[in-house]
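# Structural overview
So the chains spell out like this:
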Amino acid sequence: VGPHRWGAVIAGLIGVFVMMRPNAGALQPAVILVLISAATYAGMHIMTRRMRDTESAATLSFYVHVGFIASSLLMGLVFGNGAWAASTQSGPFAFLFRAWIWPPLADWPILLTIGLVVTTGGLMISQAYRLSEAALVAPYEYIGIPMAIFWGLLVFGTWPDSITWVGIVLICGAGLYTLLREGMARRKISQGTPQSSS
């Protein structure tokens, strides 16, 4: 990893901190869950790259979903009865400790559709990380940001404020810069020009 990639990583992290606004009192302990999620997601793709020659995308995706099911079952067994909810009536962790209920029958088609879409998407992402470098694939995942804006507007009626837009630009800009640098490096290789660390 050269100075250009490190610069992009730092710019992306600055974008994350801008969106989190640690000085605005919006930084809550639940942010730890987001950081853990990001770290495990990155670790999953590192493992995918390491196992790409020995495992298929279907196998890798299968074990990811087994991990999701196992962690959900553990959460359900520990917190699902709602016994912990009394100690956290409000606050960032209240949603984790609330009592679990069976979804109504009318919700099952939606849940099954979401499951099918997530499974298909996970399979495709695993295959992409198997076949290409992470620096080349990761920027395409930024499509999640405009999708989050769209669904936030459609479902919750929310729109990002100006500070959030600064963070979005920094994060997406860092990813697109990395993608651009990867394309330039590939062109240099195909033309036979020696490349420096980017």
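### Concerning the packing of helix α2 (residues 31-50) against helix α5 (residues 108-131)
Between α2 and α5, whose axes approach to 8 Å, the crossing angle comes to 55 degrees. Classified by the interaxial angle, the pair formed by α2 and α5 is oblique. Handedness of the crossing formed by α2 with α5: right-handed. Judged by residue contacts, Y41, H45, T48 and R49 of α2 engage I125, S126, Y129, R130 and L131 from α5. Among the residues forming the contact of α2 with α5, the class breakdown is 4 nonpolar, 3 polar and 2 charged.

### Comments concerning the packing of aromatic side chains
Scanning the entire structure with this criterion turns up 4 aromatic pairs. Ring geometry for F62 versus Y63: centroids 5.2 Å apart, planes at 75 degrees, classification edge-to-face. Using a relative accessible area of 49% as the deciding quantity, one classes F62 as partly exposed. Summarising the aromatic geometry, the rings of F79 and F97 are spaced 4.7 Å apart at their centres and angled 45 degrees between planes, so their arrangement reads as tilted.

### Observations concerning helix α8 (residues 162-190)
Taking 1.5 Å per residue as the helical rise, α8 with its 29 residues ought to reach 42 Å, and the 42 Å between its terminal C-alpha atoms agrees with that figure. Taken together, the buried positions of α8 are T164, G167, I168, I171, C172, A174, G175, T178, L179, R181, E182 and A185. Buried residues along α8 sit in contact with α1 (3-20), α6 (134-137) and α7 (144-156). Positioned one or two residues after α8, G192 has a phi angle of 85 degrees, which is positive.

### Focus on the confidence of the model for the chain
This prediction gives the chain a mean pLDDT of 83; 89% of its residues lie at or above 70. Looking across the chain, the model is least confident in α6, with a mean pLDDT of 75, and most confident in α5, with 91.

### Remarks on helix α3 (residues 57-79)
The end-to-end C-alpha distance of α3, which contains 23 residues, comes to 33 Å, matching closely the 33 Å that a straight helix rising 1.5 Å per residue would cover. Buried within α3 we find A57, L60, S61, H65, G76 and F79. The elements touched by buried residues of α3 are α2, α4 (94-97) and α5.

### Looking at the environment of F97
Tracing the sequence through the fold places F97 in helix α4. Distance from F97 to V78, taken between C-alpha atoms, is 9.0 Å for residues 19 residues apart in sequence.

### Looking at the side chain of H65
Relative to the helices and strands, H65 is located in helix α3. By relative accessible area, which is 18% here, H65 ends up buried. With sequence-adjacent residues up to four places away left out, H65 is seen in contact with V118 and T119.

### A short note on a nonpolar patch on the surface
Side chains of W102, L105, W108, I110, L111, L112, I114 and V118 sit close together on the surface and give an oily, nonpolar patch of about 910 Å² of accessible area. Looking at the element boundaries, L112 is found in helix α5.

### Structural notes on the side chain of S61
You can see S61 is positioned in helix α3. For S61, a relative accessible area of 5% gives the class buried. What S61 contacts, discounting residues up to four positions off in sequence, is T119, G122, L123 and S126.

How each quantity is defined
Residues numbered from 1 in each chain as written. Predicted model: local features only at pLDDT ≥ 70, side-chain atom pairs only at ≥ 80, totals over all residues. Heavy atoms only, no water. Axes fitted to C-alpha atoms, helices over the stretch in contact; angles between N-to-C directions. Helix = DSSP H or I, 4+ residues; strand = E, 2+ residues; numbered from the N terminus. Parallel < 35°, antiparallel > 145°, perpendicular 65-115°, else oblique. Left-handed = near helix turned anticlockwise from the far one by under 90°. Contact = heavy atoms within 4.5 Å. Nonpolar A, V, L, I, M, F, W, Y, C, P; charged D, E, K, R; others polar. Phe/Tyr/Trp six-rings, centres within 6.5 Å; stacked < 30°, edge-to-face > 60°. Buried < 20%, exposed > 50% of the residue type's maximum accessible area, 1.4 Å probe, protein only. Expected span 1.5 Å × (residues − 1). pLDDT = per-residue confidence, 0-100. Patch = residues over 30% accessible without salt bridge, like charges linked within 9 Å, V, L, I, M, F, W, Y side chains within 5 Å. Areas by Shrake-Rupley, 256 points an atom, 1.4 Å probe, with all protein chains shown as cover. Salt bridge = Lys/Arg side-chain N within 4 Å of Asp/Glu carboxyl O.

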